[in-house]
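If you want the building blocks of each chain, they are given just below.
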Amino acid sequence: MKKIRRVGILTAGGDCPGLNAAIRAVGKAAFGRHGIEVVGIRDGFLGLIENRFLHLDKLNLAGILTVGGTILGTSRIKPHRMEISGRVRDMRDRIVENYHRNKLDAVVCIGGGGTAKNALRLVEKGLNIINLPKTIDNDVAMTDTSFGFDTALGIATEAIDRLHSTAHSHHRIVVAEIMGHRAGWLALAAGIASGADVILIPEIPYDVTKVAQAIRQRSRRGTNFSIVAVAEGAISREEAARFKAARERKERAVTRAGVLKSKAELAELDHQHAGSTLRLARRLEELTGLESRVTILGYVQRGGTPSAEDRLLATRLGTACADFINEQHFGVMLAARGEGVQPVPLEDVAGKRKEVPPNHSWVESARAVGTCFGD
Ligand code: F6P
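Heads up: these notes are all about the structure in this document. (Residues numbered from 1 in each chain as written. Predicted model: local features only at pLDDT ≥ 70, side-chain atom pairs only at ≥ 80, totals over all residues.)

Some points on helix α6 (residues 149–170)
To keep things clear, this is the line we draw: Helix and strand assignments follow DSSP, with helices taken as H or I runs no shorter than four residues and strands as E runs no shorter than two, numbered in order from the N terminus. To estimate how far a helix should reach, multiply one less than its number of residues by 1.5 Å. With C-beta atoms placed from the backbone, a residue is labelled by how many other C-beta atoms lie within 10 Å of its own: buried for 20 or more, exposed for 12 or fewer, partly exposed between the two.
The terminal C-alpha atoms of α6 lie 31 Å apart, and with 22 residues this matches the ideal 32 Å at 1.5 Å per residue to within 8%. Buried within α6 we find F149, D150, T151, A152, L153, G154, I155, A156, T157, I160, L163 and A167. Backbone geometry just downstream of α6 places H171 in the positive-phi region, at approximately 55°.

Here's what the structure looks like:
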């Protein structure tokens, strides 16, 4: 077997704390332990298409462990469906061409669920690919956790702690919106850690009257403020029914036109969901008579220096990645499993999402301390 000499590394999808720690770990272990040269690919898969590379060595990998974001840049483009001058084109053959032209023997793709799908599309084109899981959403399938989550959890928890004291002083409802469109891990964990009174997540559709009832009950007991931790993708029962029906129509669609129509319908439902946290706060104000305020934590959750836990996880996965590259073990995502790192075939990860099981032990613990989920 030909020895692996030169490896590319890219970061794709939304950025998160810990990406630089992972780049550093792969790079240092690859050339330090195995003598493999590592080159950075700029802006995710876009850099592979446009042939934009960055030389990486001991010098420029030094001092990035604690730095947020990604020194390589990132993008959300899909190599098989890239829009160029208004036309959608499949750029995978261009990637294969650039891979060989730049004498790459493998590419490390650091990203979430979408990146795993794109990585698999390149495996299918015959490239050596290895994937590392990152996301603040903690929704990558088949891994215990992903780097980025712990840092975001710390930020969201601290933010809600601060909202607590002001909600208390003004006798208000404060609705804190936390990232997580399709999975509620971050809102759930931050809500529990900060003692939110209500936690709303996409996996448990809520009834606003039940939320209001829980808040009124607190008022009757003399506590006339409440903290609602809501995931950006949390949906009411009515919305959930509309999404379910649209998804079923998509599954039943037999013609291409039918599939496109139901995809457009789902996109429209997503569009209508925008601003739902503001509407929820207004409705709670009407139903409880308590003044309500909204705080959208937004991109603050994705920025800044990674926590010690995320630095550790990124370093564990990144150094293990260098060993897997050296052993020529490709087409896998490296999953964090307990104290170890395990390879999982990309086919088992791509297109899957780890959602919060409604009876998960975290949900049960939150219920046990009196948290309302609006169900
Ligand atoms: O996947 C991470 C995430 O931060 C989600 O929680 C959020 O919904 C999304 O990215 C925002 O994406 P963008 O950076 O494209 O606005």
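A word on the site of the ligand
As a reminder of what qualifies: In this analysis a residue is considered near a molecule or strand if the C-beta atom, reconstructed from its backbone, is found within 6 Å of that molecule or strand. The nonpolar class holds Ala, Val, Leu, Ile, Met, Phe, Trp, Tyr, Cys and Pro. Asp, Glu, Lys and Arg form the charged class, and all remaining residues, Gly among them, are polar. As annotated, the domain borders come from an automatic or database domain assignment.
The ligand sits among G14, R76, G112, T135, I136, D137, M179, G180, H181, E232 and R302. Here the shell around the ligand is built from residues that sort into 2 nonpolar, 5 polar and 4 charged. A domain-level breakdown of the shell around the ligand finds at least three residues from each of domain 1 (6–147 + 306–348) and domain 2 (154–302).

Quick word on helix α7 (residues 185–193)
Rule in force here: Here the contact rule is simple: place C-beta atoms from the backbone, and any two residues whose C-beta atoms are within 7 Å are in contact.
Within α7, 7 of the 9 residues are buried, leaving the element largely enclosed by the surrounding structure. Packing partners of the buried residues in α7 comprise α6, β9 (173–178), β10 (198–200), β11 (226–231) and α13 (361–368). Where α7 terminates, the next one or two residues include G195, which has phi positive at roughly 70°.

Regarding the sheet that holds β9
Inclusion rule: Strands were regarded as paired on the criterion that DSSP finds at least two bridges between them. Between N-to-C directions, angles span 0 to 180 degrees; the directions come from axes that are lines fitted to C-alpha atoms, helices contributing only their stretch in contact.
The sheet built from 4 strands is open, its strands ordered β10-β11-β9-β12 with parallel pairing. Two strands bound the open sheet, and with one partner strand each, they are β10 and β12 (292–296). Going from strand to strand, the sheet's axes swing by 20° on average, the running direction of each strand aside. Across the face of the sheet, α6 comes into contact with β9, β11 and β12 while running at roughly 170° to β9. Strands β9, β10 and β11 of the sheet are contacted by α7, whose axis makes an angle of about 160° with β11.

Quick notes on the environment of V369
With respect to the helices, strands and loops of the structure, V369 is situated in the segment after α13. By the C-beta count within 10 Å, which is 8 here, V369 ends up exposed. Once the C-alpha coordinates of V369 and V108 are considered, the two residues, 261 residues apart in sequence, prove to be 43 Å apart.

Looking at the pairing of β9
Counted residue by residue, β9 has 6 buried out of 6 residues, so it is predominantly covered. Across the two faces of β9 the burial is the same, with I173, V175 and E177 and V174, A176 and I178 all buried. Bridge analysis of β9 against β11 gives 6 bridges, and the strand direction is parallel. Bridge pairing in β11 places V175 opposite V228. Note: β9 against β12, 5 bridges, orientation parallel.

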